[in-house]
Amino acid sequence: MIQKLLAALVLISGVAFTSGVTAVSVASPASAACSDSVFLIPAWYRGMQGADCAFKAPESNGKPDISQIILKIALNVLQALLVVVGYVTIFFIIKGGFGYITAAGSPEGMSSAKKTITNALIGMVIAALAASIVNAVAGVIK
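Here the structure is a predicted model, which means the values were calculated and not measured. (Residues numbered from 1 in each chain as written. Predicted model: local features only at pLDDT ≥ 70, side-chain atom pairs only at ≥ 80, totals over all residues. Heavy atoms only, no water.)

### Looking at unusual backbone geometry
Here is step 1 of the chain: Its identity as a non-glycine residue notwithstanding, Leu40 has a phi of 70°, on the positive side.
Here is step 2 of the chain: Counting through the fold element by element, Leu40 comes out in the loop between strand E1 (37-38) and strand E2 (41-42).
Here is step 3 of the chain: What makes Leu40 exposed here is its relative accessible area of 66%.
Here is step 4 of the chain: A positive phi angle, close to 55°, is found at Ala104, a residue other than glycine.
Here is step 5 of the chain: Among the structural elements, Ala104 can be located in the loop between helix H3 (66-101) and helix H4 (107-141).
Here is step 6 of the chain: The exposure class of Ala104 is exposed, given its relative accessible area of 74%. (Helix = DSSP H or I, 4+ residues; strand = E, 2+ residues; numbered from the N terminus. Buried < 20%, exposed > 50% of the residue type's maximum accessible area, 1.4 Å probe, protein only.)

### Re the environment of Leu129
Here is step 1 of the chain: You can see Leu129 is positioned in helix H4.
Here is step 2 of the chain: Residue Leu129 is classed as exposed on the basis of its relative accessible area, which comes to 51%.
Here is step 3 of the chain: The spacing of Leu129 and Leu82 is 47 residues in sequence and 9.8 Å in space, taken between C-alpha atoms.

### Concerning the packing of H3 against H4
Here is step 1 of the chain: One way to put it is that H3 packs onto H4 with a least axis distance of 8 Å and a crossing angle of 160°. The orientation of H3 relative to H4 falls into the category roughly antiparallel. Along this stretch, H3 crosses H4, giving a crossing that reads as left-handed.
Here is step 2 of the chain: Tallied by class, residues from the contact of H3 with H4 come to 22 nonpolar, nine polar and two charged. (Axes fitted to C-alpha atoms, helices over the stretch in contact; angles between N-to-C directions. Parallel < 35°, antiparallel > 145°, perpendicular 65-115°, else oblique. Left-handed = near helix turned anticlockwise from the far one by under 90°. Nonpolar A, V, L, I, M, F, W, Y, C, P; charged D, E, K, R; others polar.)

### With respect to H4
Residue pairs spaced three or four apart in an α-helix point in one direction, given the helix's 3.6 residues per turn.
Here is step 1 of the chain: Look at H4: 51 Å from first C-alpha to last across 35 residues, which is about the 51 Å you get at 1.5 Å a residue.
Here is step 2 of the chain: Turning to H4, its buried residues number three or more, namely Ala113, Ile117, Ala120, Leu121, Met124, Ala127, Ala128, Ala131, Val134, Asn135 and Ile141. (Expected span 1.5 Å × (residues − 1).)

### Some thoughts on the environment of Pro58
Here is step 1 of the chain: Note that Pro58 resides in the loop between E2 and strand E3 (59-60).
Here is step 2 of the chain: For the pair Pro58 and Lys72, spaced 14 residues apart in sequence, the C-alpha separation works out to 9.4 Å.
Here is step 3 of the chain: When near neighbours in sequence (up to four residues on either side) are disregarded, Pro58 contacts Met48, Lys63, Pro64, Asp65, Gln68, Ile69 and Lys72. (Contact = heavy atoms within 4.5 Å.)

Here's what the structure looks like:
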């Protein structure tokens with residue numbers, strides 16, 4: 001059971017890493033140089049910089065397009081929240097592993113720890129898929 005959970009964790013981590021790498025590789029060279037992030041959490045203005053890395057609002061007919069600006073900011077905030085969900089998931093995997101180690105053979109403690117790890121892995125899969133969808137939508141809107 002533990003080997004299956006570890007294999008799933010490695011697979012999910014690889015998917016999460018790959019989706020992050022895909023998001024970076026899709027960006028143009030000019031916007032890649034301007035992208036700001038802290039612990040992989042993107043800035044709210046990601047994708048709205050010009051060649052000189054200054055804020056440049058999307059325009060429609062020579063005027064700033066407010067709906068595009070709001071949509072891009074909302075997608076960036078959603079992406080940031082999904083990255084935070086990934087960090088919370090990692091915390092619960094560690095918590096479940098610590099609970100499993102300290103269960104001292106107690107069936108209830110071990111069962112609770114396994115359930116925590118399983119739920120954390122399910123959450124990580126959902127967060128990775130959601131982050132991939134958000135990156136795909138943000139790439140199309142570009």
